[in-house]
Amino acid sequence: MFQWIEIMTERLAAFGRLIAQVLIVYMMLHIMLEIMLRVFFRTSTYSMNEFVGYALAGMVFFGLAETFYQRRHVRVNLLIVALPPLGQRILDLSCLVATGLVMSGLTYVVWLTFQRNLERGSVSPSIMAVPTWIIDLVILTGLVLFLLQLVVTIIRTAISGMKPDATPLEG
């Protein structure tokens, strides 16, 4: 059963990565469109700053789970490498649980903000008047994906120890 949950969580994290990749391409295309409109036609989309900012937030939060799964996040190993395997597992679990508590608190706050903005019908204070619950939902979804990956990592670490750190990418 746990292996199935682990596989599904990995697939969800990979889906989050795919969304983040699409958002990077979108940001590039929107910026290029804005440049061409300004240079050649002396006009603008009047939305580039806002939409690229939303896409950047989406890219960051949708990429969290996959980055964590691949162990490509910043991690300082000065203390952990000096410990015996049992000490490493205890420290890893302690750090993972602390991270889970902090991120759960953040997720709860974003959930409350999402609910409030949805109920009030809040929109961005710009010419585009984008409903603010949309970006809240994007951030909330990325945080939930990260928390799922974190819970799976906590269980995996408790059972078999922490997955080794990723090696630097070649090329």
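Higher on the page you've got the structure.
### What about the nonpolar core?
Note on soluble globular proteins: their nonpolar side chains tend to be buried together.
Alright, step 1. Formed by 15 residues in total, the largest nonpolar core has its most connected members in Ile 139, Leu 143 and Leu 150.
Alright, step 2. The residues contacting Leu 150, other than those within four sequence positions of it, are Phe 68, Leu 96, Thr 99 and Gly 100.
Alright, step 3. Grouped together as the second largest cluster of nonpolar side chains are ten residues, Ala 20, Met 27, Ala 65 and Leu 145 included.

### Concerning the pattern of salt bridges
Alright, step 1. If you walk through the whole model with that rule in mind, you get three salt bridges.
Alright, step 2. Of the charged contacts in the structure, one is a salt bridge between Arg 156 and Glu 6, with a shortest N-O distance of 2.5 Å. Placement of the pair is Arg 156 in helix H4 (residues 132-160) and Glu 6 in helix H1 (residues 2-41), with a sequence separation of 150 residues.
Alright, step 3. The exposure class of Glu 6 is buried, given its relative accessible area of 15%.
Alright, step 4. For Arg 38, the salt bridge identified is with Glu 34, shortest N-O distance 2.8 Å. You can see Arg 38 and its partner Glu 34 sitting in helix H1, four residues apart, about one turn around the helix.

### Some remarks on unusual backbone geometry
Alright, step 1. Unusually for a residue other than glycine, Arg 42 sits at a positive phi of about 50 degrees.
Alright, step 2. Note that Arg 42 resides in the loop between H1 and helix H2 (48-69).
Alright, step 3. Positive phi, close to 45 degrees, is recorded for Ala 129, a residue that is not glycine.
Alright, step 4. Tracing the sequence through the fold places Ala 129 in the loop between helix H3 (85-120) and H4.

### Focus on H3
Alright, step 1. Between the first and last C-alpha of H3 there are 52 Å, a value that for 36 residues agrees with the 52 Å anticipated at 1.5 Å per step.
Alright, step 2. Tucked inside the fold, the buried residues of H3 contact H2 and H4.
Alright, step 3. Trailing H3 by a residue or two, Gly 121 shows a phi angle of about 70 degrees, which is positive.

Parameters at a glance
- Residues numbered from 1 in each chain as written.
- Predicted model: local features only at pLDDT ≥ 70, side-chain atom pairs only at ≥ 80, totals over all residues.
- Heavy atoms only, no water.
- Core = buried A, V, L, I, M, F, W, Y, C linked by side-chain atoms within 4.5 Å.
- Buried < 20%, exposed > 50% of the residue type's maximum accessible area, 1.4 Å probe, protein only.
- Contact = heavy atoms within 4.5 Å.
- Salt bridge = Lys/Arg side-chain N within 4 Å of Asp/Glu carboxyl O.
- Helix = DSSP H or I, 4+ residues; strand = E, 2+ residues; numbered from the N terminus.
- Expected span 1.5 Å × (residues − 1).

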